[in-house]
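A look at the structure
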Amino acid sequence: MIESLLQHLDTLLLYVFAACALVGAVLMLVLRQPMRVAMALISTMVFLGGIYGLLGVHFIAAFQVLIYVGAVMVFMVYVIMLLEIRESAGMARYSALVVPGVVATALFVGALGYGVWHGYPALIRAAAGTRFGIHQFSISFLTEYWLHFELTSVLLVAAVVAALAVIKVSRRAHG
Amino acid sequence: MDKIQVLLALSVALFAVGLLGVVIRRNMLVMLMCMELMLNGVNLSLVTFSHQLGSTVGAVLVFLIFVVATAEIAIAIPIVLMLVRQKHTLDLNAFTSLKG
Amino acid sequence: MIQDLLVYALYIAYAIGVLMTFGTVLTWVERKQAAVMADRIGANRAYVRLPFTQVKLVWWGLFHGLADGLKMLVKEDFKPRTYDWYAYAVAPWVVFTPVLLVFAVVPFGGILDPGRLFPSLAGWFGDRTYPLQIARLDAGLLIVFAFSGITIIGAMLAGWSSANKFSMLGGLRAGSQMISYELVMGLTVLGLVLIYGTVDLGVMVQKQSGTVLGFLPAWGVFYQPFAATLFLTAAIAENKRIPFDLPEAESELIAGYYTEYSAMKMGLFMFAEFIEIAIIGALFTTLFLGGYNLPYMNDSGFAFPGGHTVAMSHGWVVVTQLVVFLVKILLVCSFQILIRWSLPRFRYDQVLSFAWKFMLPLALANLVATAVLVWSHQGSVT
């Protein structure tokens, strides 16, 4: 019994992580306080990192946790702490577009889900590839996709300049 | 029910939930977080296809999306901060001065 | 399959045992080392009385750790009025768990061959070998930094969810400081990654078992001495130890971000800090001090620079590697305790400007110099 559990352990864990990620995502819609929404998003991201690890791309899982949880969500939590605006009792959670939003999303999920479920045999024709590690990833990143790499560094410089400009504008506006 | 099918369905679900969150929620920070969720859904589908085909294209694109998402958040949050400084609320319906 | 499960369960038990023991023993080492440095005796009041006798065992103050643990377990766990009871309850675990998880990618020994070690089990194990590392991942160093990033969220949640302005200040300070120094830590080890050509910690330790310049062991500290000091400084700052402990400064913020915590929850924060001292020791040992090997030692014995080799049996090699790893961690930890009891505390703006205006440029300069050196040697320095 333990042998069969061990053999299918990665598939079982994949289903568990997928279910937990979906639960975390749905909680984001329902929770009232922004800090709890942030915690739900962090848990979804960590479960997604677990899924990436199960698929064999450990470095992408490490980057997911390092960049998303360790930088993006820390910034988000920091800003929620600074603004410290808790949803007051009278403030509604949802905008006026709740009902059309839910209906449209259900149609959207239905259409795409049907495509994924029933169009899938067409995808299986692609050959099962080999697992690649960080070595092959680094080689292909810096030889085949070097232009994208350089353009991304330009984007980051633009982001730094924009952040500095925002600080300067806000300092000038408020002394 | 294959592994790839489940992951692609999860990616669709995450993207749809994120989109619904951006449309439904009124708090600006929660809307930003739902946009991050949409990006995560797309990342999952890219990693799934990269795993299935065994090529590194998907992983490279995922890495670039990480960087772009970080840069986007680094600009979006100061914009939110400046808006909050004007109206002292995070409610989206308070910013209607461009409405016809 | 079952064999793998058994061996890895044994590894996990070893890791948790070592880390918990280090967390407890380090409190005693800190007290005694501080006492020796300050020419006093240290805490020696807690005793255990043997039942039915009047014999009181003091054992140089070792029972103070036991007393601390018992105190934290039985104290009243009051629930203050908080902004968010869920974040308040979850924050200590978010700080404590990733610190334990970092040890999963650290190699604490070479190769374990159970068939050779226990000939009676050779039939069951066959000729499987297991590297003495819980998770042999090709992105080990990235996982270390990923898990260190999760603790930042815990510290900030703890500071925010206690409805206390001082805790909030402590949480903000902790968040800023930890983010800045984690960035610096990542940049300092990039030079080492350039030289060894891998981020896999097991491969890094194996590459440190040769010699450089003919007679020095090929340890990271000889390839990158400047990066070693920068890494140790940034790691001590990340752990919020003195001289960087503004988020928990007693004279300013009562206790910083864990002011409103008592009993076991505060115990988790303190325990996480002490286990992280051991984790910093483990990381520094793996990256810069040659890991689990003695100088000139590899998985099959010694290989001295003159060409002389000494072969050792597999059992002796495994035991030596385990013991050497623990001794090296203890040495780095006592060095950190030495720093703690020697230096005064930085002011908070000094802490941040030290990170961004002093250490970050130095780490980048180190990286550029290393890149030029590696390029001039046509890409292979080791």
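Now for a look at the structure at hand. Note that residues are indexed from 1 along each chain, following the sequence as it is written. Numbering of ligands from 1 and lettering of chains from A proceed in the order in which they are written. Under the rules for a predicted model, residues below a pLDDT of 70 receive no local features and side-chain atom pairs below 80 are neither given nor counted, while totals for whole chains, interfaces and linings still include all residues. Side-chain numbers here rest on the full set of heavy atoms in the structure, without hydrogens or water.

Another point: the interface of chain B and chain A. Each partner contributes residues to the interface: chain B has 67 residues there, and chain A has 79 residues. Buried area is understood as the total, over both parts, of accessible area removed when two parts are fitted together, assessed with a 1.4 Å probe. With both sides pooled, the region where chain B packs onto chain A buries about 6,800 Å², and carbon together with sulfur makes up 80% of that total. Counted as salt bridges are all cases of a side-chain nitrogen of Lys or Arg within 4 Å of a carboxyl oxygen of Asp or Glu. Counting the contacts that link chain B with chain A gives 0 salt bridges. Helix and strand labels come from DSSP, where a helix needs a run of H or I of at least four residues and a strand needs a run of E of at least two; each type is numbered from the N terminus. Those elements that place two or more of their residues in the side of chain B that touches chain A are helix H1 (3-24), helix H2 (28-53) and helix H3 (57-87) of chain B. Of the residues forming the side of chain B that touches chain A, the biggest block, 21 residues, is contributed by H3 of chain B. Asp, Glu, Lys and Arg are counted as charged, while Ala, Val, Leu, Ile, Met, Phe, Trp, Tyr, Cys and Pro are counted as nonpolar; the rest, among them Gly, fall into the polar class. Residue composition of the side of chain B that touches chain A, by class: 47 nonpolar, 13 polar and 7 charged. Whether two residues touch is decided by their heavy atoms; if any such pair falls within 4.5 Å, the residues are in contact.

Time to look at a nonpolar patch on the surface. All names here are of chain C. Every patch collects residues that have over 30% relative accessible area and no salt bridge, joining them within 9 Å if they carry like charges and within 5 Å if they are nonpolar side chains (Val, Leu, Ile, Met, Phe, Trp, Tyr). What sets the accessible areas is the Shrake-Rupley method with a 1.4 Å probe; for residues, cover comes only from the shown protein chains. Taken together, the side chains of Val 48, Leu 66, Leu 70, Leu 73, Val 74 and Met 264 present a nonpolar region at the surface, about 580 Å² in accessible area. For the nonpolar patch, the element with the most residues is helix H2 (residues 63-74), which contributes 4 residues. On the secondary structure map, Leu 73 appears in helix H2. Residue class for Leu 73 comes out exposed when judged on its relative accessible area of 59%. Only protein chains enter the accessibility calculation, which uses a 1.4 Å probe; a residue whose area is less than 20% of its type maximum is buried, one above 50% is exposed, and one in between is partly exposed.

Right, let's talk about the interface of chain A and chain C for a bit. Interfaces are often sized by the amount of accessible area the parts lose when they come together. Listed per partner, the contact involves 26 residues of chain A and 29 residues of chain C. The contact between chain A and chain C buries some 2,700 Å² in all, and 78% of this surface belongs to carbon and sulfur atoms. Across the salt bridge formed by Arg 36 of chain A and Asp 84 of chain C, the nearest N and O atoms sit 2.6 Å from each other. As used in this structure description, the phrase polar contact means that two N or O atoms lie within 3.5 Å; if the pair is within protein, one of them must be able to donate a hydrogen and the other to accept it, and residues adjacent in sequence are counted only when both atoms belong to side chains. In this assembly, chain A and chain C are joined by 3 residue pairs in polar contact (both at pLDDT 80 or more). Elements supplying a minimum of two residues to the side of chain A that touches chain C: helix H1 (2-7), helix H3 (34-54) and helix H4 (58-83) of chain A.

The next point concerns the packing of helix H7 (residues 134-143) of chain A against H3 of chain B. H3 of chain B packs onto H7 of chain A with a crossing angle of 70° between their chain directions and a minimal axis gap of 10 Å. Between H7 of chain A and H3 of chain B, the angle falls in the class roughly perpendicular. Seen from H7 of chain A, the contacting residues are Phe 137, Ser 140 and Phe 141 of chain A; seen from H3 of chain B, they are Ala 59, Val 60, Phe 63 and Leu 64 of chain B. Looking at the contact of H7 of chain A with H3 of chain B residue by residue, the classes come out as 6 nonpolar, 1 polar and no charged. Convention adopted: a line fitted to C-alpha atoms gives each axis, helices being fitted over their contacting stretch, and angles between N-to-C directions are expressed from 0 to 180 degrees. If an angle is under 35 degrees, it is roughly parallel; if it is over 145, roughly antiparallel; if it lies from 65 to 115, roughly perpendicular; otherwise it is oblique.

Here the distance between the centres and the angle between the planes together describe a pair of aromatic rings. Classification of ring pairs rests on two measures: the distance between centres of Phe, Tyr or Trp rings, Trp counted by its six-membered ring, which must be within 6.5 Å, and the angle between planes, read as stacked under 30 degrees, edge-to-face over 60 and tilted in between. Scanning all chains against the criterion turns up 37 aromatic pairs over all chains. When the centroid spacing of 6.1 Å and the interplanar angle of 45° are considered together, the rings of Phe 108 of chain A and Phe 15 of chain B count as tilted. Of this pair, Phe 108 of chain A sits in helix H5 (residues 98-118) while Phe 15 of chain B is found in helix H1, placing the two residues in two different chains. Taken together, Phe 59, Phe 63, Phe 132, Phe 137, Phe 141 and Phe 149 of chain A together with Phe 63 of chain B form an aromatic cluster joined through their ring pairs. Think of it as a cone above the ring: NZ of Lys or CZ of Arg counts as a charge over the ring if it is within 6 Å of the ring centre and within 35 degrees of the ring normal. Above the plane of the ring of Tyr 348 of chain C lies Arg 173 of chain C, whose end atom (NZ or CZ) is 5.1 Å from the centre. A cation over a ring is seen here: Arg 340 of chain C above Trp 341 of chain C, with NZ or CZ 4.6 Å from the ring centre.

Taken by themselves, the reported measurements are silent on function.
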